[in-house]
Amino acid sequence: MVSVKFLISTTAAVMVSTAAFAADMPQPLPPQPYQPQMMVVEQPQSAWYLRGDIGVGMETETNVEFLQNPLNSSNFSISHTSIGDTTFFMGGIGYEWNNWLRFDVTGEYRSKAPVNFFGTYTLGGGTFGDQYQGFLQSVVVLANAYIDLGTWDCLTPFVGFGVGGAWNKFADLTDIGIFTSGTGIGRNSTDLNFAWALHAGISYDVTKNFTVELAYRYLNYGSVTDTIDCAGGCNPDSYKLQNLTSNDFMLGMRWRFPIDTGTTFVQAQPAAVMVQPAPVYTQPAPVYQPAPVYQPAPPPPPVYNPPPPVYAPQPQYPLSTRG
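Residues numbered from 1 in each chain as written. Predicted model: local features only at pLDDT ≥ 70, side-chain atom pairs only at ≥ 80, totals over all residues. Heavy atoms only, no water.

Participant: Can you break down the overall build of the chain residue by residue, with the values?
Facilitator: Within the chain one finds one helix and 15 strands. For the chain, the proportion of its 323 residues judged to be buried stands at 29%. In the chain, 74% of the contacts between residues at least 6 apart in sequence involve partners at least 24 apart. (Helix = DSSP H or I, 4+ residues; strand = E, 2+ residues; numbered from the N terminus. Buried < 20%, exposed > 50% of the residue type's maximum accessible area, 1.4 Å probe, protein only. Contact = heavy atoms within 4.5 Å.)

Shown next, in the form of structure tokens:
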């Protein structure tokens, strides 16, 4: 009996000490809510840029038209023409809309390109000729749009288109009579014309904000007309340089000034959990049974009531007289 009581008391003490120890243990923290990771997304960065170019222009065709004064009558015609190459210097400001589209406005000065042509006429049964010398100067302003076709190893090919205007000057035009002593001097006329251009080239990113490019441009920049006054006095005729076009080869540089648009953070969402769609329970189509035919209930079975038993009187025996 003593051992049983000792066992009970020991068990109770152990239970009490275990509960007290559990109460002293720190409780586990509640689970932390799920925080999706923040991701930094690099947005296409816009930028302003300055540009500078130097180039060589080669005229594709020299077309000089003789515009005779209505007061003169001659059969003068131009037989030989030539025009030299020119160098030009260009600067501009542009804006990169994104990593494939950019725009800029450029202005350029095209240095003097020598112009020479020769004409002949007949007079009094003789043939005479005049030699003409002058220079073509131009200032061209264009608004351009470019499409960058992708970048590979810092190399970016591009194409573009530009429209604008050109101020063309026919400078220092002189007329020297070959077989006569007559001379003439031009008026240094300047004409404003519509101009347009096609661009193609490739650029190299030296740094993130400095680019060197090599480009070709086809330039169409209009025409210019100048009038020559004779030194001895005459009815002045005019000469027109028309359909001026040039194949230009340019070496350029661009300095880029990025626009700080800030850092964009995007909250990454956990991957979608594929959930098996819940099963759709359908009841089987009901089977229609023919309506039951009700028959009249059969009559109840007869109830058997037996007659009550008839008890016969027992015979009476005389008491024994023995004993």
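Participant: Which residues make up the packing of aromatic side chains, and what values do they have?
Facilitator: In the structure shown here, the tally under the stated rule is 14 aromatic pairs. Relative to Y239, the ring of Y132 lies with its centre 4.8 Å away and its plane at 50 degrees, an arrangement referred to as tilted. In this pair, Y132 is assigned in strand β7 (residues 126-148) and Y239 in strand β13 (residues 237-241), connecting sequence segments 107 residues apart. Residue Y239 is classed as buried on the basis of its relative accessible area, which comes to 4%. Aromatic pair W196 and Y218: ring centres 5.7 Å apart, planes at 50 degrees, arrangement tilted. (Phe/Tyr/Trp six-rings, centres within 6.5 Å; stacked < 30°, edge-to-face > 60°.)

Participant: Please give an account of the side chain of H199 that cites residues and values.
Facilitator: Note that H199 resides in strand β10 (residues 190-207). Engagement of the side chain of H199 in a polar contact is seen with the side chain of N144, the distance being 2.9 Å. Setting aside chain neighbours within four positions, we find H199 in contact with N144, Y146, V159, G160, F161, G162, Y216 and R217. (Polar contact = N/O pair within 3.5 Å; in protein donor to acceptor, adjacent residues only side chain to side chain.)

Participant: Pulling in residues and values, what's your account of the side chain of S46?
Facilitator: Position of S46 relative to the elements: it lies in the loop between β1 (38-41) and β2 (47-59). Setting aside its immediate chain neighbours within four residues, S46 contacts Y95, E96, W97, P258 and I259.

Participant: Describe the pairing of strand β3 (residues 64-67), with residues and values.
Facilitator: Only one face of β3 is buried, namely the one carrying V64 and F66, since none of E65 and L67 on the opposite face is buried. In this sheet, β13 lies alongside β3 in antiparallel orientation, the contact comprising four bridges. Within the sheet, the bridge partner assigned to F66 lies in β13 and is Y239. (Pairing = 2+ DSSP bridges.)

Participant: Can you lay out unusual backbone geometry for me, pointing to particular residues and giving the numbers?
Facilitator: Despite not being glycine, D153 shows a phi value in the positive range, around 50 degrees. Tracing the sequence through the fold places D153 in the loop between β7 and β8 (155-177).

Participant: Please provide a residue-by-residue account of the pattern of salt bridges, values included.
Facilitator: A side chain with one charge can pair with a side chain of the opposite charge if their charged atoms come near. Under the definition given, this model contains twelve salt bridges. The partner of R187 in a salt bridge is D229, with the nearest N and O atoms 2.9 Å apart. Here the residue R187 occupies a position in the loop between β9 (183-186) and β10, and D229 occupies one in strand β12 (residues 224-230), the gap between them amounting to 42 residues. Looking at R187, the relative accessible area reads 48%, which means it is partly exposed. Looking at D229, the relative accessible area reads 30%, which means it is partly exposed. Between E213 and R254 there is a salt bridge, and its shortest N-O distance comes to 2.4 Å. Taken together, the residues E213 in strand β11 (residues 210-220) and R254 in strand β14 (residues 245-258) connect sequence positions 41 residues apart. A residue is classified by how much of its surface remains accessible, and E213, at 3% relative accessible area, is buried. Ionic contacts of the salt-bridge type, sharing partners, join the residues R51, D53, D104, E213 and R254 into one network. (Salt bridge = Lys/Arg side-chain N within 4 Å of Asp/Glu carboxyl O.)

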